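Given next are the chains, with one letter for each unit.
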Amino acid sequence: MEGVAGIVKWSQTKGGDAMYEEGRRLYTGEINAAVRGAKAAGATEIVVMDCHGAGEDWTFNSLIPEELDPDCEFVVQDEWTEYTEFLENGVDAALFVGMHARAGTADGVMNHTVSGPNFQNLWFNGTLVGETGINAALCGTWGCPVLLVTGDRSVCAEATELLGAGLTTVEVKRGLGRLSARQLPARRARELIEEGAKRALKDLKAVRPYDPGKPCEIVVEFTRTDALDDYRRKHGVEVTGDRRLASRAGDWWAAWRQFYF
């Protein structure tokens, strides 16, 4: 949700807070814009996956079902990166809507990585990544390319650096700090996202599926020593510093699962 136009405050993204319902409407509106663009490009099956951790029963459940475009289906998952059935069955392309920059990005609106209070930095085989990289690696595990990323200027640049110049991006705001931004009105942002999705799907080979490499080493740097304690005893995980751990396996998905699940 943090990359949606009009969203700049945590209360717009946290389930139960006063401004959360406004955030849900803005979020669902941009998702619908991408669905319309995909339909216009000829997509025949569109599945929407909510990846926003809003807290409690709103986690991965922030979309407003009755307002979703009727030509899509949507998934509510219990754990992030848990649901992979549609990827395993074959997906032509992924469109990432409402993305935010990785932790520590100066002008990244609401920038953070995974658990904001706990995660400082994340590397896949030495490449510094944020949540765009995580979701792209998940898709890439089953050969699905990411063709569109929308959000603020910082995440658009981050995604292009990671995935290549063939990526289509749609900038809906420009960060002026972590909790401030110059933004497009919702109607204009949705128009651009719809057109961006349609344009991105014209060439399914414009971006290669993202593979961090085989074998794969995931390194996490935490903000505090006690944040590491929840992970230190997981099989296949090595503590490499006071606030760092490494998970190593034959490929990204195996390394991610042994660390994150």
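Structural data are supplied above this passage.
Residues numbered from 1 in each chain as written. Predicted model: local features only at pLDDT ≥ 70, side-chain atom pairs only at ≥ 80, totals over all residues. Heavy atoms only, no water.

Enquirer: Honestly, the pattern of salt bridges in this entry has me stumped. Any pointers?
Expert: A side chain with one charge can pair with a side chain of the opposite charge if their charged atoms come near. Applying the stated rule across the entire model yields 13 salt bridges. Glu194 serves as the salt-bridge partner of Arg36, at 3.0 Å between the closest nitrogen and oxygen. Within this pair, whereas Arg36 is found in helix H1 (residues 20-40), its partner Glu194 is found in helix H5 (residues 186-200), the two being separated by 158 residues in sequence. On the accessibility criterion, Arg36 (31% relative accessible area) is partly exposed. (Salt bridge = Lys/Arg side-chain N within 4 Å of Asp/Glu carboxyl O. Helix = DSSP H or I, 4+ residues; strand = E, 2+ residues; numbered from the N terminus. Buried < 20%, exposed > 50% of the residue type's maximum accessible area, 1.4 Å probe, protein only.)

Enquirer: Where do I start with the environment of Thr84 in this structure?
Expert: Structurally, Thr84 is set in the loop between strand S2 (73-75) and helix H2 (85-89). Counting along the chain gives 54 residues from Thr84 to Leu138, while the straight-line C-alpha distance between them is 8.5 Å. In this structure, Thr84 is in contact with Leu138, Trp142 and Trp253, ignoring residues within four places of it in sequence. Of note is the side chain of Thr84, whose polar atom sits 2.5 Å from the side chain of Glu88. (Contact = heavy atoms within 4.5 Å. Polar contact = N/O pair within 3.5 Å; in protein donor to acceptor, adjacent residues only side chain to side chain.)

Enquirer: Looking at this structure, how should I read the sheet that holds strand S8 (residues 180-183)?
Expert: Paired through backbone hydrogen bonds, the strands of a sheet run either parallel or antiparallel to each other. Strand order across the open sheet formed by four strands is S3-S6-S7-S8, with mixed pairing between neighbours. Looking at the sheet topology across the chains shown, the edges are occupied by strand S3 (94-99) and S8. In this sheet, adjacent strand axes meet at a mean angle of 25° when their direction is disregarded. Where strand S6 (residues 146-152) meets strand S7 (residues 168-177), five bridges bridge the pair, whose relative direction is parallel. The residue of S7 that forms the bridge with Val149 is Thr169. In this fold H1 packs onto S3, S6 and S7, with an angle of close to 155° to the strand it touches most, S3. The sheet contacts of helix H3 (residues 131-141) involve S3 and S6, and relative to S3 the element is tilted by about 160°. (Pairing = 2+ DSSP bridges. Axes fitted to C-alpha atoms, helices over the stretch in contact; angles between N-to-C directions.)

Enquirer: Is there a simple way to think about the side chain of Thr150 in this case?
Expert: One can find Thr150 in strand S6. Within polar-contact distance, the side chain of Thr150 engages the backbone nitrogen of Gly98 at 2.9 Å. Each residue touching Thr150, except ones within four places of it in the same chain, is listed here: Glu30, Phe96, Val97, Gly98, Met99, Val155, Val170 and Ile193.

Enquirer: Help me out: how do you make sense of the packing of H1 against H5 in this one?
Expert: In a packed pair of helices, the relevant descriptors are the angle between the two axes and the axis-to-axis distance. Packing of H1 against H5 brings their axes to within 7 Å, and their N-to-C directions diverge by 30°. Like other packed secondary-structure pairs, H1 and H5 cross with a definite hand, here right-handed. Where H1 abuts H5, its residues Arg25, Leu26, Gly29, Glu30, Ala33, Ala34, Arg36, Gly37, Ala38 and Ala40 lie against Ala186, Ala189, Arg190, Ile193, Glu194, Ala197 and Lys198. Of the residues in the contact of H1 with H5, the class split is nine nonpolar, two polar and six charged. (Left-handed = near helix turned anticlockwise from the far one by under 90°. Nonpolar A, V, L, I, M, F, W, Y, C, P; charged D, E, K, R; others polar.)

Enquirer: Would you take a moment to explain the packing of aromatic side chains for this structure?
Expert: Note on aromatic pairs: each is described by the distance of the centres and the angle between the planes. This structure, assessed with the given rule, holds 18 aromatic pairs. Each ring, one from Trp256 and one from Phe259, has its centre 5.5 Å from the other, and the planes form 80°; the classification is edge-to-face. You can see Trp256 and its partner Phe259 sitting in helix H7 (residues 252-260), three residues apart, about one turn around the helix. On the basis of relative accessible area, Trp256 is assigned to the buried category, the value being 0%. An aromatic cluster is defined as three or more aromatic residues linked by ring pairs; in this entry it consists of Trp80, Phe119, Phe124, Trp142, Phe222, Tyr231, Trp252, Trp253, Trp256, Phe259, Tyr260 and Phe261. (Phe/Tyr/Trp six-rings, centres within 6.5 Å; stacked < 30°, edge-to-face > 60°.)

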